[in-house]
Amino acid sequence: RVHCEIVGDERRLAPELELTVFRVIQEALTNVRKHAPSATQVNVTLYFEDDEILATVEDNGPGFQPPDVQALVREGHLGLAGMHERAHLFDGEVEITSTPGEGTTTALRLPAHA
């Protein structure tokens, strides 16, 4: 099950910001499908705040120990690294929090007027 929610006053963003939000959420959902097939619930929330956009993807899958992004790049695993790179292009950030046995949350934070 995937539950989607929009919080705040929904508005259009600059096209490159919209694409970044879409691609990061897309990659996070792909990672749930590939690496947490036992997850039974995924929550996608998009928060429109005055000066920033926050998107979260939370699952109740098995969780994992998040690796160092640079190590992923060296090993050729570019999905998580790509999310970080997309966010940094707009002075934003991606934070992945996960604990084995407790699920994973991917959070994207971007300035709304980047």
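In this report, we go over the structure that sits alongside the text. Please read these numbers as outputs of a predicted model, since none were measured by experiment. (Residues numbered from 1 in each chain as written. Predicted model: local features only at pLDDT ≥ 70, side-chain atom pairs only at ≥ 80, totals over all residues. Heavy atoms only, no water.)

## Considerations on the pattern of salt bridges
Logical step 1: Counting across every chain of the model gives 2 salt bridges.
Logical step 2: One salt bridge in this structure joins Glu18 and Arg12, with 2.7 Å as the shortest N-O distance.
Logical step 3: Residue classification places Arg12 among the exposed positions, given a relative accessible area of 70%.
Logical step 4: Here Glu52 makes a salt bridge to Arg109, at a shortest N to O gap of 2.4 Å. In this pair, Glu52 is assigned in strand β3 (residues 52-59) and Arg109 in strand β5 (residues 104-111), connecting sequence segments 57 residues apart.
Logical step 5: In this structure Arg109 comes out as partly exposed when scored by relative accessible area, which is 31%. (Salt bridge = Lys/Arg side-chain N within 4 Å of Asp/Glu carboxyl O. Buried < 20%, exposed > 50% of the residue type's maximum accessible area, 1.4 Å probe, protein only. Helix = DSSP H or I, 4+ residues; strand = E, 2+ residues; numbered from the N terminus.)

## Focus on the environment of Gly103
Logical step 1: Tracing the sequence through the fold places Gly103 in the loop between β4 (93-98) and β5.
Logical step 2: Note on Gly103: relative accessible area 5%, which makes it buried.

## Describing the pairing of β5
Logical step 1: As paired elements, β3 and β5 share 8 bridges and run antiparallel to each other. Paired with Val57 across the two strands is Thr106, which belongs to β5.
Logical step 2: Across 6 bridges, the pairing between β4 and β5 is antiparallel. Paired with Glu95 across the strands is Ala107, a residue of β5. (Pairing = 2+ DSSP bridges.)

## A few points about the sheet that holds β3
Logical step 1: An order of β1-β2-β3-β5-β4 is seen for the 5 strands of this open sheet, with the pairing classed as mixed. Pairing within the sheet leaves two strands with one partner each, and these edge strands are β1 (2-8) and β4. Strand-to-strand, the axes of this sheet are offset by a mean angle of 10°, without reference to chain direction.
Logical step 2: Where β1 meets strand β2 (residues 42-48), 7 bridges bridge the pair, whose relative direction is parallel. Bridge pairing in β2 places Gly8 opposite Phe48.
Logical step 3: Sheet strands in contact with helix α1 (residues 15-35) are β2, β3, β4 and β5, and its direction is about 175° off that of β5. (Axes fitted to C-alpha atoms, helices over the stretch in contact; angles between N-to-C directions. Contact = heavy atoms within 4.5 Å.)

## A closer look at unusual backbone geometry
A negative phi holds for most residues other than glycine; trans holds for most peptide bonds.
Logical step 1: Of note in the backbone geometry, Asp91 takes a positive phi value of approximately 60° without being a glycine.
Logical step 2: Topologically, Asp91 is positioned in the loop between α3 (78-88) and β4.
Logical step 3: For Asp91, a relative accessible area of 70% translates into the label exposed.

## Topic: the environment of Thr56
Logical step 1: Its location among the elements puts Thr56 in strand β3.
Logical step 2: Judged by relative accessible area, Thr56 falls into the buried class, the value being 9%.
Logical step 3: Placed 10 residues apart in sequence, Thr56 and Leu46 show a C-alpha to C-alpha distance of 6.6 Å.

## Some details on a negative patch on the surface
Logical step 1: A surface patch of like charges, here negative, comprises Asp9, Glu49, Asp50 and Asp51.
Logical step 2: Judged by its relative accessible area of 74%, Asp50 is exposed. (Patch = residues over 30% accessible without salt bridge, like charges linked within 9 Å, V, L, I, M, F, W, Y side chains within 5 Å. Areas by Shrake-Rupley, 256 points an atom, 1.4 Å probe, with all protein chains shown as cover. Lys, Arg positive; Asp, Glu negative; His and termini not counted. Charge placed at Lys NZ, Arg CZ, Asp CG, Glu CD.)

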